[in-house]
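If you want the building blocks of each chain, they are given just below.
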Amino acid sequence: MAKQIKTIGILTSGGDAPGMNAAIRAVVRTAINKGLKVKGIQKGYNGLINEEIIDMDKRSVADIIQRGGTILYTARCAEFRTAEGQQRGAEICRKHGIDGLVVIGGDGSFAGAQKLANLGINTIGIPGTIDLDIACTEYTIGFDTAVNTAMEAIDKVRDTSTSHERCSIIEVMGRGAGWLALWCGIANGAEDVLIPEKYDYDEQKLINNIIESRKMGKKHHIIINAEGIGHSQAMATRIEAATGIETRATILGHMQRGGSPTCKDRVYASMMGAMAVDLLLEGKKIGAQVGTTGMFRAEKVPGAKVVTFANAAETFLEFQNGGVDAVIQDFPVVAYYVAQGGNKGRLVGPKMEAEEYGIAVTKGNKELVAQINKALASLKKSGEFQRIYKKWFGEEN
């Protein structure tokens, strides 16, 4: 590795999720057991920018595995969305000797982690969000606890809803993803489930379903509504007016974020925390074609192990198979392989440098040079040269 990791920083960002403390505990204790120092960054990226940074040891994380929330606290930070804020964050990491950073949070937290990584800070993300909406992972810390909390609350609402022969709309969290609503809908045996990925806003369907269920002798009607659909109270008012059936809305809200994490969340968080430290120590593998400028650029990436290949095809095949974490190659080549590879890769960061391309001919072969120049002049005059250049290099020359 270009630089040995000696100090790891850890922060939690965005919405809290049960199990975050278990992940913090695992990171701290794994790092210390491997001879590293650990610095806790309080209040997420806001605390990073304001240097709210503390030293952590094994006692710092004693008796927290069963606690909900996050002992490092969390906060939103508008300043960190700016380039200046991100640069300041990277500079503060260096100032405090933080060689690697573990970020626990959701998609917004990961976006911030990517910005720090682009600025040279070795960064690992641990998915922590009750929404289960992070790409490239099958699980996010907090979901199991939150869905069980919501399920138990919905069971209680069903009891009173049956007693009063009501229709109940129960709103669970999930702005852009309906996993909590979907799982609760199945687990609680709801009559209707509304999720942002699928709901067509045809309220008449709901009304017809409620009326038909009542004709069949149903004593209650449970509708699980995701936060992304929302407007549960107004919906309840309209449904009661249309059906004549007493309808109540219950918004579970932030109770779903709290509570002692389940066994699954504690174990998964602990596994992810330990793995995060291992990955930071292992460093990233970057693939490059031997003898190219991409190889020389890769060798300058802090903490990276460069793996070289004979040609571009072999390089990207290894990337597709997971043998390397990233590839540095000429822009048109990368763009082509990303397009062919579907969702297995994406272009990140700015182009590293501009290169001049030329045609090599044998010294003294003036006749060939003249023919080449004549052909190039003809291509430029017709506009064909610009079309070819734009196709392969993505911009006008």
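Please refer to the structure higher up on the page.
To keep things clear, this report deals only with the structure shown in the data block. Note that the structure is a prediction, hence the values are computed from the model and not measured. (Residues numbered from 1 in each chain as written. Predicted model: local features only at pLDDT ≥ 70, side-chain atom pairs only at ≥ 80, totals over all residues. Heavy atoms only, no water.)

**Describing the packing of aromatic side chains**
Alright, step 1. Enumeration over the complete set of coordinates arrives at four aromatic pairs.
Alright, step 2. Ring plane angle 80 degrees and centroid distance 5.1 Å describe the contact between Tyr-139 and Tyr-268, whose orientation is recorded as edge-to-face. Linking Tyr-139 in the loop between strand S5 (122-127) and helix H5 (143-163) with Tyr-268 in helix H9 (residues 263-282), this pair joins segments that are 129 residues apart in sequence.
Alright, step 3. Between Tyr-199 and Tyr-201, the aromatic rings sit 4.7 Å apart at their centres with planes inclined by 50 degrees, giving tilted as the arrangement.
Alright, step 4. Taking relative accessible area as the criterion, Tyr-199 reaches 14% and is therefore assigned buried.
Alright, step 5. With a relative accessible area of 55%, Tyr-201 lands in the exposed category.
Alright, step 6. A cation over an aromatic ring shows up here: Lys-264 above the ring of Tyr-268, its NZ or CZ 5.5 Å from the ring centre.
Alright, step 7. Over the aromatic face of Phe-385 sits the side chain of Lys-380, whose NZ or CZ is 5.3 Å from the ring centroid. (Phe/Tyr/Trp six-rings, centres within 6.5 Å; stacked < 30°, edge-to-face > 60°. Helix = DSSP H or I, 4+ residues; strand = E, 2+ residues; numbered from the N terminus. Buried < 20%, exposed > 50% of the residue type's maximum accessible area, 1.4 Å probe, protein only. Lys NZ or Arg CZ within 6 Å of the ring centre and 35° of its normal.)

**Focus: unusual backbone geometry**
Alright, step 1. Here the phi dihedral of Glu-51 falls at roughly 55 degrees; this positive angle occurs in a residue that is not glycine.
Alright, step 2. Positive phi outside glycine occurs at Asp-63, with the angle close to 55 degrees.
Alright, step 3. Tracing the chain through its elements places Asp-63 in the loop between strand S3 (53-56) and helix H3 (83-95).

**Details of the packing of helix H1 (residues 20-33) against H9**
Alright, step 1. One way to put it is that H1 packs onto H9 with a least axis distance of 7 Å and a crossing angle of 35 degrees. Here H1 and H9 pass one another in a crossing that is right-handed. Mapping the contact onto sequence places Ala-22, Ala-23, Ala-26, Val-27, Thr-30 and Ala-31 in H1 and Arg-266, Ala-269, Ser-270, Gly-273, Ala-274 and Val-277 in H9.
Alright, step 2. Of the residues contributing to the contact of H1 with H9, the split by class is eight nonpolar, three polar and one charged. (Axes fitted to C-alpha atoms, helices over the stretch in contact; angles between N-to-C directions. Left-handed = near helix turned anticlockwise from the far one by under 90°. Contact = heavy atoms within 4.5 Å. Nonpolar A, V, L, I, M, F, W, Y, C, P; charged D, E, K, R; others polar.)

**Looking at the nonpolar core**
Alright, step 1. The biggest cluster of nonpolar side chains holds 50 residues, and the ones touching the most others in it are Ile-8, Ile-10, Ile-24, Met-56, Val-102 and Ile-224.
Alright, step 2. In contact with Met-56, not counting residues within four places along its chain, are Ile-10, Ile-24, Val-28, Ile-32, Val-38, Lys-39, Gly-40, Val-61, Ile-71 and Leu-72.
Alright, step 3. If you look at the next biggest cluster of nonpolar residues, it comprises 17 residues, including Ile-41, Cys-93, Ile-98 and Leu-101. (Core = buried A, V, L, I, M, F, W, Y, C linked by side-chain atoms within 4.5 Å.)

**As for the sheet that holds strand S11 (residues 304-309)**
Alright, step 1. In space, the three strands of this open sheet follow the order S11-S10-S12, with parallel pairing throughout. Edge positions in the open sheet fall to S11 and strand S12 (326-327), since each of these has one partner strand only.
Alright, step 2. Pairing geometry for strand S10 (residues 284-289) and S11, over six bridges, is parallel. Bridged to Lys-285 within S11 is Lys-305. (Pairing = 2+ DSSP bridges.)

**What to know about the layout of surface pockets**
Using a probe with the size of a water molecule, rolled over the atoms, empty space left in the structure can be pinpointed.
Alright, step 1. Of the volumes computed, that of the second largest pocket is approximately 620 Å³.
Alright, step 2. Around the second largest pocket, the lining is made up of 31 residues, and of these Gly-14, Arg-76, Asp-107, Gly-108 and Ser-109 lie nearest the centre.
Alright, step 3. Of all the elements, helix H4 (residues 107-118) adds the most residues to the lining of the second largest pocket, at six residues.
Alright, step 4. Its residues placed into classes, the lining of the second largest pocket shows eight nonpolar, 14 polar and nine charged. (1 Å grid on protein atoms, 1.4 Å probe; cavity = no way out; pocket = protein on both sides within 12 Å on 5 of 7 lines; lining within 4 Å. Points joined across faces, edges and corners; volume = space filled by probe spheres on them.)

**A short note on the sheet that holds strand S7 (residues 192-194)**
Alright, step 1. Ordered in space as S7-S8-S6-S9, the four strands form an open sheet in which the pairing is parallel. The sheet is open, and its two edges are formed by S7 and strand S9 (247-251), each paired on a single side. Going from strand to strand, the sheet's axes swing by 15 degrees on average, the running direction of each strand aside.
Alright, step 2. The pairing of S7 with strand S8 (residues 221-226) spans three bridges and is classified as parallel. Its bridge partner lying in S8, Asp-192 is registered against Ile-223.
Alright, step 3. The strands touched by helix H8 (residues 232-243) are strand S6 (167-172), S7, S8 and S9; relative to S9, the strand with the most contacts, the crossing angle is about 170 degrees.

**Remarks on the side chain of Gln-329**
Alright, step 1. With respect to the helices, strands and loops of the structure, Gln-329 is situated in the loop between S12 and helix H12 (331-340).
Alright, step 2. Here the side chain of Gln-329 touches Gln-289 through a polar contact of 3.2 Å, side chain to side chain.
Alright, step 3. In this view, Gln-329 contacts Gln-289, Ala-312, Phe-316 and Val-334; residues no more than four positions away in its chain are not counted. (Polar contact = N/O pair within 3.5 Å; in protein donor to acceptor, adjacent residues only side chain to side chain.)

**Focus: a nonpolar patch on the surface**
Alright, step 1. A cluster of nonpolar residues, Trp-179, Leu-182, Trp-183, Ile-186 and Val-193, forms a patch on the protein surface that exposes about 470 Å² of accessible area.
Alright, step 2. Considering each element in turn, the nonpolar patch owes the most residues, four residues, to helix H6 (residues 179-187).
Alright, step 3. With respect to the helices and strands, Trp-183 occurs in helix H6. (Patch = residues over 30% accessible without salt bridge, like charges linked within 9 Å, V, L, I, M, F, W, Y side chains within 5 Å. Areas by Shrake-Rupley, 256 points an atom, 1.4 Å probe, with all protein chains shown as cover. Salt bridge = Lys/Arg side-chain N within 4 Å of Asp/Glu carboxyl O.)

**Re the pattern of salt bridges**
Alright, step 1. For the structure shown, the criterion picks out 13 salt bridges.
Alright, step 2. For Glu-52, the salt bridge goes to Lys-43, with nearest N and O atoms at 3.4 Å.
Alright, step 3. Overall, the relative accessible area of 23% leaves Glu-52 in the partly exposed class.
Alright, step 4. Classification of Lys-43 as partly exposed rests on a relative accessible area of 34%.
Alright, step 5. We note a salt bridge from Arg-248 to Glu-246, for which the minimum N-O separation is 2.7 Å.
Alright, step 6. Here the salt bridges share partners, and the residues they tie into one network are Arg-166, Glu-240, Glu-246 and Arg-248.

**Points about the pairing of S5**
Alright, step 1. Here strand S4 (residues 100-105) pairs with S5 via six bridges, running parallel. Paired with Leu-101 across the strands is Thr-123, a residue of S5.

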